[in-house]
Amino acid sequence: MDEGTKQKKTIFVGGIGDDVDESVLYDQFSTFGDIIEVQLPSAATNPNQPTEAKHRGFGFVTFSSPADAQDAIDNMDLNELRGKVIRVNLARPMKGPIQPLGNRAVWESEEWLRQYAKPLAQSGGVQARNSKRSSNEPEEETQQNEAIQDEAMDEE
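Because the structure is predicted, anything quoted here is derived from the model rather than measured.

With respect to the sheet that holds strand β2 (residues 35-39)
The strands that make up a sheet pair up through hydrogen bonds in the backbone, lying either parallel or antiparallel.
Turning to step 1, where the next piece is worked out: The four strands lie next to each other as β2-β3-β1-β6, forming an open sheet whose pairing is antiparallel. What marks the edges here is a single partner per strand, and that holds for β2 and β6 (87-90). Adjacent strand axes in the sheet meet at a mean angle of 20° when their direction is disregarded.
Turning to step 2, where the next piece is worked out: For β2 and strand β3 (residues 58-63), the ladder comprises four bridges, and the chain directions are antiparallel. Among the inter-strand pairings, I35 is bridged to a residue of β3, identified as F63.
Turning to step 3, where the next piece is worked out: Packing of helix α2 (residues 22-29) onto the sheet brings it into contact with β1 (10-14), β2, β3 and β6, and relative to β2 it is tilted by some 140°.
Turning to step 4, where the next piece is worked out: Set on the sheet, helix α3 (residues 66-76) makes contact with β1, β3 and β6; between it and β6 the angle comes to about 150°.

Points about the side chain of K9
Turning to step 1, where the next piece is worked out: Mapping K9 onto the fold places it in the loop between α1 (3-7) and β1.
Turning to step 2, where the next piece is worked out: The side chain of K9 is buried and forms no salt bridge, while D68, the nearest opposite charge, is found at 9.2 Å.
Turning to step 3, where the next piece is worked out: For K9, the side chain forms a polar contact with the main-chain oxygen of S64, separated by 3.4 Å.

Criteria and thresholds
Each chain has its residues counted from 1, running along the sequence as written. Owing to the predicted nature of the model, reporting of local features is limited to residues with pLDDT of at least 70; listing and counting of side-chain atom pairs is limited to 80 or more, with chain, interface and lining totals taken over all residues. Side-chain metrics in this entry use all non-hydrogen atoms of the structure; hydrogen atoms and water are not considered. Note: two strands are recorded as paired if DSSP finds a minimum of 2 bridges between them. Note on conventions: DSSP H or I runs of at least 4 residues are helices, E runs of at least 2 residues are strands, and numbering of each starts at the N terminus. Angular values range over 0 to 180 degrees, each being the angle between N-to-C directions of two axes fitted as lines to C-alpha atoms, with helices fitted over their stretch in contact. Here, two residues are considered to be in contact whenever any of their heavy atoms come within 4.5 Å of each other. A 1.4 Å probe rolled over the protein chains alone gives each residue an accessible area, and that area as a share of the maximum for its type sets the label: buried under 20%, exposed over 50%, partly exposed in between. Positive: Lys, Arg. Negative: Asp, Glu. His and the chain ends are not part of the count. A side-chain nitrogen of Lys or Arg and a carboxyl oxygen of Asp or Glu constitute a salt bridge if their distance falls within 4 Å. Each polar contact in these results corresponds to two N or O atoms within 3.5 Å; when the atoms are within protein, one needs to be able to donate a hydrogen and the other to accept it, and residues that are neighboring in sequence are counted only if both atoms are side-chain atoms.

Quick look at the structure:
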C-alpha cells in the first residue's frame, strides 16, 4: 500500500469541545467502520497544574479502509458532538518538519550558528568596512563613496 492510500484513511475532526476525549471519538466514529487509532494532540498545559491535560480542539481518527473514512466524513461533517458543531474531512500531512525550537528563529540555536555563521573577521561586516577606511583614501572620498552606495541600495 502506498503512502497516499494510507493518508486517505485518516480523518481530521475539528471543533471538538473540552469534554471530548479519545473514547468519545471512538464511540462516535466506530459506527462507520473499524478504527485503528484515535489521536487528540495535547495542548501546552499550565506548569502550575500538571494534572490539567487538555487537547487542542481537534483530533484524528484512522480507519482500516478509505471507504469507512469517507463514510464518516459524509455523515459527520457539520454535525453536532456534545453541543459543538464539528468539521470532519480528510487529514492532510503537515507542510514541513516539526521544529523542536517552537516559535524561535533557527539562528537562535547553537547548532545552526556553528554550521552557518562566519567569524566576524570573515563576515565582511563592520571590521571589513573599518579596514577600508584605514586605507590611504581621504576621509571625504570615503564619505562620498558610502553616500553613493547608500543611494544605490535605496533604489533597489
